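Chain residues, written in single-letter form:
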Amino acid sequence: MKEDIKVPKDLGIKIGSKEEVFWTAVKEKMENSILQYTESLIGEKLMLELAEKRIAEEKEKFK
């Protein structure tokens, strides 16, 4: 009896050396760190713009 078993082409399994696993983890951590830094920088730039606007508003009060 032959059973028809369908095997997907990509099982999503990755095989690699311990070093490859290590460096892949390092790469992913650095990508995440860069993303977090970029998002933080965007927020800080927005706060800087707000601070500049508020300083200008305060200066106008004393003219």
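The paragraphs below set out a description of the structure included in this document.

How each quantity is defined
Residues numbered from 1 in each chain as written. Predicted model: local features only at pLDDT ≥ 70, side-chain atom pairs only at ≥ 80, totals over all residues. Heavy atoms only, no water. Phe/Tyr/Trp six-rings, centres within 6.5 Å; stacked < 30°, edge-to-face > 60°. Buried < 20%, exposed > 50% of the residue type's maximum accessible area, 1.4 Å probe, protein only. Salt bridge = Lys/Arg side-chain N within 4 Å of Asp/Glu carboxyl O. Helix = DSSP H or I, 4+ residues; strand = E, 2+ residues; numbered from the N terminus. Patch = residues over 30% accessible without salt bridge, like charges linked within 9 Å, V, L, I, M, F, W, Y side chains within 5 Å. Areas by Shrake-Rupley, 256 points an atom, 1.4 Å probe, with all protein chains shown as cover.

Moving on, we get to the packing of aromatic side chains. Remark: the centre distance and the inter-plane angle together describe each pair of aromatic rings, the angle taken between the planes. Taken as a whole and judged by the stated rule, the model has 1 aromatic pair. Relative to Trp23, the ring of Phe22 lies with its centre 4.9 Å away and its plane at 80°, an arrangement referred to as edge-to-face. Residue classification places Trp23 among the exposed positions, given a relative accessible area of 56%.

Across all of its chains, the model carries 3 salt bridges by this definition. Across the salt bridge formed by Glu57 and Arg54, the nearest N and O atoms sit 3.3 Å from each other. Of this pair, Glu57 and Arg54 both sit in helix H1 (residues 18–61), 3 residues apart, roughly one helical turn. For Glu57, a relative accessible area of 36% corresponds to the partly exposed category. You can call Arg54 partly exposed: its relative accessible area is 47%.

A grouping of Ile5, Val7, Leu11, Ile13 and Ile15 is seen on the molecular surface, where their side chains present a nonpolar patch of about 630 Å² in accessible area. Note that Ile15 resides in the segment before H1. Look at Ile15 and you get exposed, because its relative accessible area is 82%.

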